[in-house]
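The lines below spell out each chain.
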Amino acid sequence: MKQTRPTHLRDLLIIKINSLFYIETQIIKALPKLVKKASNRDLKKDFEYRLKENKGQVKRLEQVFKLLDEKPKKVKVEAIRGLIKDAEWLIKNIKNPPALDAALIAISQYIEHYEIAGYGTAAEWAHLLGETEAAELLTQTLEEEEGADEKLNDLAITTINERALNE
Ligand SMILES: [Fe+2]
């Protein structure tokens with residue numbers, strides 16, 4: 001997106017929302033591979049649940065675009081492409097299922113933290129700009145991402161890391 005006039009916080013918010021939209025759609029494309037490759041049942045179920053949750057998050061972003069009177073623009077975000085490539089590398093190269101589960105949690109937590117940073121910023125900017133409804137929607141997703149990260153952490157600590165250790 002080329003800016004021909006000074007960039008304001010509202011422009012930054014729109015750029016951020018477009019990035020988040022792209023990030024979510026890439027995650028939705030990648031998650032079925034994680035569902036397929038996770039061997040622990042709870043982890044597999046969690047990835048399945050995240051897939052549904054992320055689809056809801058895309059819908060929420062569509063509402064945010066409407067509230068801001070904007071339409072999604074085509075953007076590419078290299079950072080999420082890199083993270084997804086890392087996940088694909090793990091799937092291809094780690095042959096030991098318990099170790100792969102531990103590695104998939106680790107890469108998923110990278111992705112969650114990345115999303116948490118994005119939604120946290122977007123919610124704050126929307127709030128500052130007086131876009132209260134948009135800020136609320138972004139905060140709802142932020143809380144979901146934080147919950148997803150916590151769930152992954154629990155799975156790692158209670159079972160999955162131990163299994164990888166004893167394999
Ligand atoms: Fe998400």
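Everything here concerns the structure above.
What counts, and at which threshold
Residues numbered from 1 in each chain as written. Predicted model: local features only at pLDDT ≥ 70, side-chain atom pairs only at ≥ 80, totals over all residues. Heavy atoms only, no water. Patch = residues over 30% accessible without salt bridge, like charges linked within 9 Å, V, L, I, M, F, W, Y side chains within 5 Å. Areas by Shrake-Rupley, 256 points an atom, 1.4 Å probe, with all protein chains shown as cover. Salt bridge = Lys/Arg side-chain N within 4 Å of Asp/Glu carboxyl O. Lys, Arg positive; Asp, Glu negative; His and termini not counted. Charge placed at Lys NZ, Arg CZ, Asp CG, Glu CD. Helix = DSSP H or I, 4+ residues; strand = E, 2+ residues; numbered from the N terminus. Buried < 20%, exposed > 50% of the residue type's maximum accessible area, 1.4 Å probe, protein only. Core = buried A, V, L, I, M, F, W, Y, C linked by side-chain atoms within 4.5 Å. Contact = heavy atoms within 4.5 Å. Donors = N, O, S within 2.8 Å, 3.2 Å for Na, K, Ca; no water. Axes fitted to C-alpha atoms, helices over the stretch in contact; angles between N-to-C directions. Parallel < 35°, antiparallel > 145°, perpendicular 65-115°, else oblique. Left-handed = near helix turned anticlockwise from the far one by under 90°. Nonpolar A, V, L, I, M, F, W, Y, C, P; charged D, E, K, R; others polar.

Novice: Got a sec to walk through a negative patch on the surface? Specific residues and values, please.
Specialist: Where like charges cluster on the molecular surface, the negative patch consists of Glu143, Glu146, Glu150 and Asp154. Within the secondary structure, glutamate 146 is located in helix H5 (residues 132–166). When its relative accessible area of 35% is taken as the criterion, glutamate 146 is described as partly exposed.

Novice: Describe the pattern of salt bridges, listing the residues and the values that go with them.
Specialist: Think of it this way: side chains of opposite charge can pair up when their charged atoms draw near. Across all of its chains, the model carries 8 salt bridges by this definition. A salt bridge links arginine 10 to glutamate 131, with the nearest nitrogen and oxygen atoms 3.0 Å apart. With arginine 10 in helix H1 (residues 9–37) and glutamate 131 in the loop between helix H4 (97–128) and H5, this residue pair connects regions lying 121 residues apart in the sequence. Residue glutamate 131 is classed as buried on the basis of its relative accessible area of 19%. Between glutamate 144 and arginine 60 there is a salt bridge, and its shortest N-O distance comes to 3.0 Å. With glutamate 144 in helix H5 and arginine 60 in helix H2 (residues 41–67), this pair connects stretches of sequence that are 84 residues apart. Note on arginine 60: relative accessible area 15%, which makes it buried. Connected via shared salt-bridge partners are Asp46, Arg50 and Glu53.

Novice: Break down the environment of alanine 164 for me, citing the residues and quoting the values.
Specialist: The residue alanine 164 is located in helix H5 in this model. Sequence-wise, alanine 164 and glutamate 124 are 40 residues apart; in three dimensions their C-alpha atoms are separated by 39 Å.

Novice: Could you give an account of the nonpolar core, with specific residues and numbers?
Specialist: Ile17, Leu43, Phe47, Ile80 and Leu138 are the most contacted members of the largest nonpolar core, which has 50 residues in total. At the level of secondary structure, the elements contributing two or more residues to this core comprise H1, H2, helix H3 (78–93), H4 and H5. For this core, the element with the highest residue contribution is H1, accounting for 13 residues. Here isoleucine 80 is in contact with Tyr22, Ile23, Gln26, Ile27, Ile111 and Tyr114, once residues within four sequence places are set aside.

Novice: Which residues make up a positive patch on the surface, and what values go with them?
Specialist: A contiguous patch of positive charge on the surface is contributed by Lys36, Lys37, Lys92 and Lys95. The partly exposed category is assigned to lysine 37, whose relative accessible area is 40%.

Novice: Tell me about the coordination of the iron ion, and name the residues and values.
Specialist: Within the first shell, the iron ion binds the protein through Glu24 (OE), Glu24 (OE), Gln57 (OE1), Glu115 (OE) and Glu145 (OE), at distances of 2.1 to 2.5 Å. Counting residues between consecutive donors of the iron ion along the chain gives the motif E-x32-Q-x57-E-x29-E. With glutamate 24 in helix H1 and glutamine 57 in helix H2, the pair connects residues that are 33 residues apart, well separated along the chain. Like glutamine 57, glutamate 24 is buried.

Novice: Tell me about the packing of H4 against H5, residues and numbers included.
Specialist: Helix-helix packing is described using two parameters, namely the angle between the two axes and the distance between the axes. Packing of H4 against H5 leaves a shortest axis separation of 8 Å and a crossing angle of 160°. Between H4 and H5, the interaxial angle falls into the category roughly antiparallel. Relative to H5, H4 is oriented so that their crossing is left-handed. When the residues that make up the contact of H4 with H5 are grouped by side-chain class, the tally is 19 nonpolar, 9 polar and 7 charged.

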